[in-house]
Amino acid sequence: KAGVTQTPRYLIKTRGQQVTLSCSPISGHRSVSWYQQTPGQGLQFLFEYFSETQRNKGNFPGRFSGRQFSNSRSEMNVSTLELGDSALYLCASSLGQLTYNEQFFGPGTRLTVL
Amino acid sequence: KNQVEQSPQSLIILEGKNCTLQCNYTVSPFSNLRWYKQDTGRGPVSLTIMTFSENTKSNGRYTATLDADTKQSSLHITASQLSDSASYICVVSYNYGGATNKLIFGTGTLLAVQP
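Residues numbered from 1 in each chain as written. Chains lettered and ligands numbered in written order. Predicted model: local features only at pLDDT ≥ 70, side-chain atom pairs only at ≥ 80, totals over all residues. Heavy atoms only, no water.

### Some words on the overall build of chain A
So the rule is basically this: Going along the chain from the N terminus, every DSSP run of H or I of four or more residues is numbered as a helix, and every run of E of two or more is numbered as a strand. Burial classes: relative accessible area under 20% of the type maximum marks a residue as buried, over 50% as exposed, and values in between as partly exposed (1.4 Å probe, protein chains only). Here a residue-residue contact requires only that any non-hydrogen atoms of the pair lie within 4.5 Å. Each accessible area is a Shrake-Rupley estimate made with a 1.4 Å probe; only the visible protein chains count as cover when residues are assessed.
In terms of regular secondary structure, chain A is built from 0 helices and 11 strands. The order of helices and strands in chain A, counted from the N terminus, is β-β-β-β-β-β-β-β-β-β-β. Projected onto its principal axes, the C-alpha coordinates of chain A cover approximately 35 × 25 × 25 Å. Every one of the 114 residues in chain A was classed for burial, and the buried ones make up 51%. When contacts within chain A are restricted to residue pairs at least 6 apart in sequence, long-range pairs at least 24 apart make up 56% of them. With an accessible surface of roughly 5,300 Å², chain A has 48% of that area assigned to carbon and sulfur atoms.

### Considerations on the environment of Arg63(A)
All names here are of chain A. Within the fold, Arg63 resides in the loop between strand S6 (53–57) and strand S7 (64–68). For Arg63, a relative accessible area of 16% gives the class buried. In this structure, the C-alpha to C-alpha distance between Arg63 and Asn77, residues 14 residues apart in sequence, is 7.7 Å. If we skip the residues at most four places from it in the chain, Arg63 touches Asn77, Val78, Ser79, Thr80, Leu81, Glu82 and Asp85.

### Section: the sheet that holds strand S3 (residues 19–24) of chain A
Residue and element names in this part refer to chain A. Threshold: Criterion used throughout: strands pair if DSSP finds at least two bridges between them. Only the stretch in contact is used when fitting a helix axis, every axis being a line fitted to C-alpha atoms; angles between N-to-C directions are given from 0 to 180 degrees.
Read across the open sheet, the 4 strands follow the order S1-S3-S8-S7; overall the sheet is antiparallel. The two strands at the open ends of the sheet, each matched to only one other strand, are strand S1 (5–7) and S7. Averaged over all pairs of adjacent strands, the angle between strand axes in this sheet comes to 20 degrees, irrespective of strand direction. In terms of strand pairing, S3 meets strand S8 (residues 74–78) through 5 bridges, oriented antiparallel. In the strand pairing of S8, Thr20 is matched with Asn77.

### Here we look at the interface of chain B and chain A
Filter applied, for reference: Buried area: the accessible area, evaluated with a 1.4 Å probe, that two parts lose upon being put together, summed over both parts. The rule for a salt bridge is simple: a side-chain nitrogen of Lys or Arg has to be within 4 Å of a carboxyl oxygen of Asp or Glu. Nitrogen and oxygen atoms within 3.5 Å of one another constitute a polar contact, given that in protein one can donate a hydrogen and the other can accept it, and given that sequence-neighbouring residues count only through two side-chain atoms. For this scheme, ten residues count as nonpolar: Ala, Val, Leu, Ile, Met, Phe, Trp, Tyr, Cys and Pro. Four count as charged, namely Asp, Glu, Lys and Arg, and the remainder, Gly too, count as polar.
With 18 residues of chain B at the contact, the number on the chain A side is 19 residues. Between chain B and chain A, the buried area comes to about 1,500 Å², and carbon and sulfur atoms account for 50% of it. Across the contact surface, chain B and chain A share 0 salt bridges. Linking chain B to chain A there are 2 residue pairs in polar contact (both at pLDDT 80 or more). By residue class, the composition of the side of chain B that touches chain A is 6 nonpolar, 9 polar and 3 charged.

### Brief notes about the confidence of the model for chain B
As a reminder of what qualifies: For every residue, the predictor states its confidence as a pLDDT score lying anywhere from 0 to 100.
With 95% of its residues at a pLDDT of 70 or more, chain B shows a mean pLDDT of 92. The least confident element of chain B is strand S10 (residues 100–105) of chain B, whose mean pLDDT is 78; the most confident is strand S8 (residues 72–77) of chain B, at 98.

### Digging into the packing of aromatic side chains
Threshold: Stacked, tilted and edge-to-face are the three classes applied to pairs of Phe, Tyr and Trp rings, where Trp contributes its six-membered ring and a pair requires centres within 6.5 Å; stacked means planes under 30 degrees apart, edge-to-face means over 60, and tilted covers the rest.
The final tally for this structure, using the stated rule, is 8 aromatic pairs over all chains. Relative to Phe105(B), the ring of Tyr35(A) lies with its centre 5.2 Å away and its plane at 75 degrees, an arrangement referred to as edge-to-face. Separated into two different chains, Tyr35(A) in strand S4 (residues 31–38) and Phe105(B) in strand S10 make up a pair that spans both. Here Phe47(A) and Tyr49(A) contribute two aromatic rings whose centre-to-centre distance is 5.6 Å and whose plane-to-plane angle is 75 degrees, an arrangement assigned as edge-to-face. Feature note: the residues Tyr35(A), Phe45(A), Phe105(A), Tyr36(B) and Phe105(B) constitute an aromatic cluster, connected by ring pairs.

### Section: the environment of Glu5(B)
Residue and element names in this part refer to chain B. Following the sequence through the fold, Glu5 ends up in strand S1 (residues 4–7). Between the C-alpha atoms of Glu5 and Gln114, which are 109 residues apart in sequence, the distance is 25 Å. The contacts of Glu5, once residues within four sequence positions are left out, are Gln22, Cys23 and Asn24.

Right, here's the structure in full:
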């Protein structure tokens, strides 16, 4: 069974631009959650999508948004990029809602904002 | 305030030795606690998930314990190997209200195993 895949793996953007990251969960998994990881803050939860609906949301500004498609693939969008958005963005999938099920993480997308 | 604190921040041990990592939390109401291992440049990998009623859980050379009364968990690594060098992250899930649960992440313990 293929694992969680994320594209692209690396991305360089400039301030003010927007970016879209993609995540394909493990086949059969219906929950996709997104995380931001920085050296200073560690792992922080962004949001979770389950059956195309956002079920949980972390404490991030509205510039961070996401969606999930009927095939469970998910995208995350960050608008008006700031330097502080430079981070590793991780996606994880689970069979059911994340808080009751084991999560499987993808390799991440490394975003650099210049 | 819901918090997860891990100690030590970093640890260096010799190959073959045992070590124990600590996780203290103030999260309430508690749902479950997880330990993850994250190799440099890669996504975290789940080691254990423990609910309120579980005191101990093993995954190979990794054994996690949970004391829900004192709100403490530990991860014990037996006979360490060079491949155990990684960041170990403790994550606690709590009920936010109704069917909504949230995750609180610790900042991790960076373990280096030296030959």
